[in-house]
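Structural overview for review
So you can see what is in the structure, the chains are spelled out below.
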Amino acid sequence: MTQTRWTTIYLVIGAIMAAILAGLVAATPRTEDGIDWFAPMIRGGWMAWTFPVALFFYLIAALLILFTLLAIRFPETPRRGVLRIETTRGDRLFITLLGSAFIHLAWLFLAGPDLLWGATLLCLVYAAAVFRWV
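Below is a short write-up of the structure. (Residues numbered from 1 in each chain as written. Predicted model: local features only at pLDDT ≥ 70, side-chain atom pairs only at ≥ 80, totals over all residues. Heavy atoms only, no water.)

1. Digging into the packing of helix H1 (residues 3–27) against helix H2 (residues 51–73)
Where H1 contacts H2, the two axes come as close as 11 Å, and the packing angle between them is 170°. One element, H1, and the other, H2, form an angle in the roughly antiparallel class. In contact with Gln 3, Trp 6, Ile 9, Tyr 10, Ile 13, Met 17, Ala 18, Ile 20, Leu 21, Leu 24 and Val 25 of H1, H2 contributes Phe 51, Ala 54, Leu 55, Tyr 58, Ala 62, Ile 65, Leu 69, Ile 72 and Arg 73. Tallied by class, residues from the contact of H1 with H2 come to 18 nonpolar, one polar and one charged. (Axes fitted to C-alpha atoms, helices over the stretch in contact; angles between N-to-C directions. Helix = DSSP H or I, 4+ residues; strand = E, 2+ residues; numbered from the N terminus. Parallel < 35°, antiparallel > 145°, perpendicular 65-115°, else oblique. Contact = heavy atoms within 4.5 Å. Nonpolar A, V, L, I, M, F, W, Y, C, P; charged D, E, K, R; others polar.)

This is how it looks when you write it as structure tokens:
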């Protein structure tokens, strides 16, 4: 595929993802004081669809789209890391997401919900390590 075609694909997917994100922000409930980021987006729904929850799933979908494009544009051969198993980018992404969930759960158990950003910073370091050495 030519560079021009890839640029078009990137721009179209980027525009679609930006439109979805704008739709999520537009669907966030408003009060007289401004946007209520933590209010349910769907009243009486079966799940607490707040903006942070929707953003979480949006980012997971964006990662899957990004890694799909990377796999098509830049195919790779599996490599062996410290775990002595062959892994691809997608495998390392899965290991990172799974490990990050456990890091956040452990943080909640040990430290509570305050300063949860610390768990996120720890997860970023963990992700860098997984993509480098696994």
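Continuing now.
2. Considering H1
Over its 25 residues, H1 extends 36 Å from the first C-alpha to the last, a length consistent with the 36 Å expected when each residue adds 1.5 Å. For H1, the set of buried residues is Trp 6, Met 17 and Leu 24. On the buried face of H1, the contacting elements are H2. (Expected span 1.5 Å × (residues − 1). Buried < 20%, exposed > 50% of the residue type's maximum accessible area, 1.4 Å probe, protein only.)

3. Quick word on the side chain of Thr 28
Here Thr 28 shows up in the loop between H1 and strand E1 (30–31). Take Thr 28: its relative accessible area is 2%, and that puts it in the buried class. Once you skip the residues sitting within four places of it in the chain, Thr 28 turns out to touch Ile 35, Asp 36, Trp 37, Met 41 and Phe 51.

4. What about unusual backbone geometry?
The phi torsion at Arg 84 lies on the positive side, around 60°, for a residue other than glycine. Mapped onto the elements, Arg 84 comes out in the loop between strand E3 (79–80) and strand E4 (86–87). You can call Arg 84 exposed: its relative accessible area is 58%.

5. A look at the packing of aromatic side chains
Enumeration according to the criterion identifies five aromatic pairs in this entry. Residues Trp 6 and Tyr 10 carry aromatic rings whose centres are separated by 5.8 Å and whose planes lie at 35° to one another, so their mutual orientation is tilted. Separated by four residues within a single helix, Trp 6 and Tyr 10 lie in helix H1, roughly one turn from each other. Classification of Trp 6 as buried rests on a relative accessible area of 7%. According to the relative accessible area criterion, Tyr 10 is partly exposed, its value standing at 32%. Here the aromatic rings of Trp 37 and Phe 51 are separated by 4.9 Å at their centres, their planes lie at 55°, and the arrangement is tilted. Here Phe 51 lies in helix H2 and Trp 37 lies in the loop between strand E2 (34–35) and H2, a separation of 14 residues in the sequence. Taking relative accessible area as the criterion, Trp 37 reaches 36% and is therefore assigned partly exposed. (Phe/Tyr/Trp six-rings, centres within 6.5 Å; stacked < 30°, edge-to-face > 60°.)

6. Describing the pattern of salt bridges
Following the criterion strictly, the structure yields two salt bridges and no others. A salt bridge links Arg 92 to Glu 76, with the shortest nitrogen-to-oxygen separation between them at 3.5 Å. Residue Arg 92 is located in helix H3 (residues 89–111), and its partner Glu 76 is located in the loop between H2 and E3; the two are separated by 16 residues in the primary sequence. Among the residues examined, Glu 76 registers a relative accessible area of 31% and is labelled partly exposed. Notably, a salt bridge pairs Arg 80 with Glu 86, separated by 4.0 Å at the nearest N-O pair. (Salt bridge = Lys/Arg side-chain N within 4 Å of Asp/Glu carboxyl O.)

7. Regarding the packing of H2 against H3
Running from N to C, H2 and H3 cross one another at 160°; their axes reach a closest spacing of 10 Å. The orientation of H2 relative to H3 falls into the category roughly antiparallel. By crossing handedness, the relation of H2 to H3 is classed as right-handed. Along the contact surface, H2 presents Ile 60, Leu 63, Leu 64, Phe 67, Leu 70 and Ala 71, while H3 presents Arg 89, Gly 90, Leu 93 and Leu 97. Per-class residue counts for the contact of H2 with H3 are eight nonpolar, one polar and one charged. (Left-handed = near helix turned anticlockwise from the far one by under 90°.)

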